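Okay, here's what each chain looks like letter by letter:
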Amino acid sequence: CEFLPKTCPTSTADECSNNGHCVFYDSSRNAIESCLIDNENCFPVCVCNNGFAGSSCSLTTEVFNSKQSNRKFMCEALVTSSAVQDPSSTLLKSLVSSLLNIYDPTEVTDMETMSACRNALIQILNLLNSTSSYLDLNNSPQTATQIIQTISTFTQSVTTNSGNVTDDFSTL
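What comes next concerns the included structure.

Criteria and thresholds
- Residues numbered from 1 in each chain as written.
- Predicted model: local features only at pLDDT ≥ 70, side-chain atom pairs only at ≥ 80, totals over all residues.
- Heavy atoms only, no water.
- Axes fitted to C-alpha atoms, helices over the stretch in contact; angles between N-to-C directions.
- Helix = DSSP H or I, 4+ residues; strand = E, 2+ residues; numbered from the N terminus.
- Parallel < 35°, antiparallel > 145°, perpendicular 65-115°, else oblique.
- Left-handed = near helix turned anticlockwise from the far one by under 90°.
- Contact = heavy atoms within 4.5 Å.
- Pairing = 2+ DSSP bridges.
- Core = buried A, V, L, I, M, F, W, Y, C linked by side-chain atoms within 4.5 Å.
- Buried < 20%, exposed > 50% of the residue type's maximum accessible area, 1.4 Å probe, protein only.
- Expected span 1.5 Å × (residues − 1).
- Disulfide = S-S within 2.5 Å.

Between helix α1 (residues 61-84) and helix α3 (residues 111-130), the least distance of the axes is 8 Å, while the angle of their chain directions is 30 degrees. By the criterion of interaxial angle, the relationship of α1 to α3 is roughly parallel. The way α1 lies across α3 gives a crossing that is left-handed. Here Gln68, Arg71, Lys72, Cys75, Glu76, Leu78, Val79, Ser82 and Ala83 of α1 come into contact with α3, specifically with Glu112, Thr113, Ala116, Cys117, Asn119, Ala120 and Gln123.

Below, the structure is given as structure tokens:
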């Protein structure tokens, strides 16, 4: 039984949406020749052609930059919202759900957006700490799962659309 190679994300039948090429990295972030699906210590990344961006190279640079700007604005709004509202389990649930939907580690590549989203996560963690008496995670399994998913999303290594590795949020 042979293992197949991992594949890069794509929005078409072609590798990297036919707008780039696939490169493999090991867990130390060194480029390697191949990466099989049974290997947990490697990952594929699309390196996009000029004019394209995103994890699958499916977005034009203009659309990608617009999405990036919108994500930054939304992460900043989460921080502002959490600062002006009274701590509650409802607020926590709303913020966690929102950040989970906003933040995509494969498409957040500039440090300003990363910083804004990191600040939103920190606000959520602070709120979680201050509302622990309000939130019974045993009675809110969906919120508990979303909190874990959000933290997991932020702690995974982030690789930009050009194959350059960026901040990995492991300092939270």
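So, on to the sheet that holds strand β2 (residues 31-32). Here we have three strands laid out as an open sheet, ordered β2-β1-β3, and antiparallel in their pairing. Single-partner strands in this sheet number two, and they are β2 and β3 (42-48). Where strand β1 (residues 20-26) and β3 come together, seven bridges link them in antiparallel fashion. In the sheet register, valine 23 faces β3, and the bridge partner there is valine 45.

Let's shift gears to the nonpolar core. Ranked by size, the top nonpolar core spans 19 residues in total, and within it Cys75 and Leu99 carry the most contacts. Here this core gets seven residues from one element, more than from any other, and that element is α3.

Within the chain, cysteine 16 stands out as a residue other than glycine whose phi angle is a positive 50 degrees. Take cysteine 16: it is sitting in the segment before β1. Relative accessible area serves as the criterion here: at 0%, cysteine 16 is assigned to the buried category. Of note, the phi angle at asparagine 18 is positive, near 65 degrees, even though the residue is not glycine. Secondary-structure assignment places asparagine 18 in the segment before β1. Looking at asparagine 18, the relative accessible area reads 54%, which means it is exposed.

Let us look at α1. Here α1 is 24 residues long and its end C-alpha atoms lie 35 Å apart, about the 34 Å a rise of 1.5 Å per residue gives. Buried within α1 we find Phe64, Gln68, Arg71, Cys75, Leu78 and Ser82. Where α1 is buried, its residues meet β4 (52-53), β5 (59-60), α2 (89-102) and α3.

A complete count under the given rule lists five disulfides for this structure. Across the disulfide, cysteine 8 is cross-linked to cysteine 22 (sulfur-sulfur distance 2.1 Å). Because the sign of the S-S torsion sets the handedness, a value of about 85 degrees for the bond joining cysteine 8 and cysteine 22 places this disulfide among the right-handed ones. Here cysteine 8, found in the segment before β1, pairs with cysteine 22, found in strand β1; they are 14 residues apart in sequence, far enough to count as distant. The partner cysteine of cysteine 75 in its disulfide is cysteine 117, sulfur to sulfur 2.1 Å.

For β1, a buried count of six out of seven residues is recorded, marking the element as mostly surrounded by other parts of the structure. Both β1 and β2 contribute to a ladder of two bridges, which runs antiparallel. For phenylalanine 24, the partnering residue across the bridge sits in β2 and is isoleucine 32. Connecting the antiparallel pair β1 and β2 is a turn made up of four residues, with arginine 29 showing a positive phi of about 70 degrees.

Take it as geometry only, folks, not as evidence of what the structure does.
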